[in-house]
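Structural overview for review
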Amino acid sequence: MRARLSDIAQQAEVSEATVSRVLNDRPGVAPETRQAVLTALDVLGYERPARLRKRSAGLVGLVVPELENPIFPAFAQVIESTLAQSGFTPVLCTQTPGGVTEDEYVEMLLDRQVSGIVFVSGLHADTAANHDRYRALIARPLPIVMINGFAPNIAAPFVSCDDREATELAVAHLVALGHRRIGLITGPDRFVPVQRRVAGFRAAMSRLAGVAESELDELAELSLFGVEGGEAAAGRLIERDVTGIVCGSDLMALGAIRAARQRGRSVPGELSVVGYDDSPLMAFTDPPLTTMRQPVTAMAVAAVRALVDEINGHAAPHSEYLFRPELVVRGSTAVSRPTPAVKRQRPTPTSLAVPA
């Protein structure tokens with residue numbers, strides 16, 4: 001029991017004496033501290049004493065697509081802490097390529113009799129996916145809430161950042177800096193957030209930069225989310241002489257900066273880059289990344305409140321709550337410079353003498 005007290009105290013970041021008081025249901029412990037200890041018990045897999053089980057409101061599943069993109073751990077952290085404050089124990093389910101699928105995680109969560117599930121950027125955002133899986137959960141009935149990605153045929157609360165407005169704000173920022181040849185990099189077009197970003201880009205480029213509709217197709221590049229996808233797409237746009245690039249994620253933006261440097265272009269001197277998310281550490285990249293900030297805390301809290309209302313029988317409106325993004329200007333964007341008249345030449349590879 002001594003070792004267990006130590007483990008629980010470390011997980012809850014309290015003293016062993018405090019853990020002992022909570023387990024013995026003694027007074028003198030703040031409610032939030034008591035909840036932290038109970039949550040630590042659940043996370044470590046220890047069974048709660050019978051007298052304390054009634055204090056738990058139940059388990060809630062949290063399904064996220066990955067943890068490599070820093071924005072998803074940011075969402076998970078706020079959602080988990082907000083659930084704990086409401087008396088629920090979060091169960092984090094993270095997908096990896098070739099690993100457990102979203103549907104398999106849902107089955108596992110149902111076996112654990114969760115009270116509800118929060119989906120972050122799940123299959124609900126994929127227009128090519130079958131949404132019957134979500135309607136089946138609602139019919140059980142099981143409360144669910146979706147973050148980022150809207151499907152009107154699912155009767156559940158949705159919480160999203162306004163992707164269209166985010167792209168329009170990013171384009172407006174670059175236009176204000178004198179850029180007119182602006183490119184867009186984002187993910188596959190079957191995803192709802194991508195479709196909204198493309199629509200916002202086309203509208204803003206037409207309205208603010210005066211670009212003809214016929215020219216817009218060559219300025220938008222759809223690729224895989226991530227650094228590699230951003231790098232590949234940015235390379236194609238740089239060859240088309242863009243001076244600014246709006247990206248669908250911060251990781252794609254980092255890939256765009258890498259592509260520029262590989263071609264001898266300076267950022268922001270010769271190419272301005274705008275990211276999306278304002279995920280952790282983007283203020284410390286080289287250069288610090290100008291990006292569109294998702295209001296992660298506000299979105300996560302709203303999602304948890306909607307789910308808790310559903311669990312408690314107070315149905316939340318089955319519609320989409322759109323949250324306004326914020327432009328965060330840092331060092332990866334600058335005033336557009338005139339394009340040199342002489343076309344940039346790629347360096348000629350050095351020849352190696354091969355002995356006969």
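See the structure shown above.
What counts and how
Residues numbered from 1 in each chain as written. Predicted model: local features only at pLDDT ≥ 70, side-chain atom pairs only at ≥ 80, totals over all residues. Heavy atoms only, no water. 1 Å grid on protein atoms, 1.4 Å probe; cavity = no way out; pocket = protein on both sides within 12 Å on 5 of 7 lines; lining within 4 Å. Points joined across faces, edges and corners; volume = space filled by probe spheres on them. Helix = DSSP H or I, 4+ residues; strand = E, 2+ residues; numbered from the N terminus. Nonpolar A, V, L, I, M, F, W, Y, C, P; charged D, E, K, R; others polar. Disulfide = S-S within 2.5 Å. Buried < 20%, exposed > 50% of the residue type's maximum accessible area, 1.4 Å probe, protein only. Salt bridge = Lys/Arg side-chain N within 4 Å of Asp/Glu carboxyl O. Pairing = 2+ DSSP bridges. Axes fitted to C-alpha atoms, helices over the stretch in contact; angles between N-to-C directions. Phe/Tyr/Trp six-rings, centres within 6.5 Å; stacked < 30°, edge-to-face > 60°. Lys NZ or Arg CZ within 6 Å of the ring centre and 35° of its normal.

Attention shifts here to the layout of surface pockets. If you add up the space inside the largest pocket, you get close to 1100 Å³. As for the largest pocket, its lining consists of 41 residues, of which Pro 65, Glu 66, Phe 72, Ser 121 and Phe 225 are closest to the centre. For the lining of the largest pocket, the elements supplying multiple residues, two or more each, are helix H4 (71-85), helix H8 (192-208), helix H10 (227-239) and strand E9 (272-277). A class-by-class count of the residues in the lining of the largest pocket yields 19 nonpolar, 13 polar and 9 charged.

In this section: the state of the cysteines. With the rule as written, the count across this model stands at 0 disulfides. Left without a disulfide partner, Cys 161 is nearest to the cysteine sulfur of Cys 247, which lies 16 Å away. In this structure Cys 161 comes out as buried when scored by relative accessible area, which is 0%.

Under the definition given, this model contains 18 salt bridges. The shortest N-O distance in the salt bridge between Arg 181 and Glu 218 comes to 2.8 Å. Separated by 37 residues along the polypeptide, Arg 181 in the loop between helix H7 (163-176) and strand E6 (182-186) and Glu 218 in the loop between helix H9 (213-216) and strand E7 (220-222) bring together distant segments of the chain. You can call Glu 218 partly exposed: its relative accessible area is 35%. Asp 278 is the partner of Arg 330 in a salt bridge, and the nearest nitrogen-oxygen pair spans 3.0 Å. In this pair, Arg 330 sits in the segment after strand E12 (326-328) while Asp 278 sits in the loop between E9 and strand E10 (290-293), placing the two residues 52 residues apart along the sequence.

Backbone hydrogen bonds hold the strands of a sheet together, and the pairing may be parallel or antiparallel. The 6 strands are arranged E2-E1-E3-E4-E5-E11 in an open sheet whose pairing can be described as parallel. Bordering the open sheet on either side are strand E2 (88-94) and strand E11 (320-323), each of which pairs with just one other strand. Along the sheet, successive strands turn relative to each other by an average axial angle of 20°, direction set aside. Where strand E1 (residues 58-64) lies against strand E3 (residues 116-120), 4 bridges are found, and the strand directions are parallel. Residue pairing in the sheet places Leu 62 in a bridge with Val 118 of E3.

Our next topic: the packing of aromatic side chains. Throughout the structure, instances matching the rule amount to 2 aromatic pairs. Judged by centre distance (5.2 Å) and plane angle (80°), the ring pair of Phe 119 and Tyr 134 falls under edge-to-face. Within this pair, whereas Phe 119 is found in strand E3, its partner Tyr 134 is found in helix H6 (residues 132-139), the two being separated by 15 residues in sequence. A relative accessible area of 1% places Phe 119 in the buried class. Between the aromatic rings of Phe 150 and Phe 158, the centroid separation amounts to 5.0 Å while the plane-to-plane angle is 80°, which identifies the pairing as edge-to-face. Residue classification places Phe 150 among the partly exposed residues on the basis of a relative accessible area of 24%. By relative accessible area, Phe 158 is classed as buried at 0%. Over the aromatic face of Tyr 276 sits the side chain of Arg 197, whose NZ or CZ is 4.3 Å from the ring centroid.

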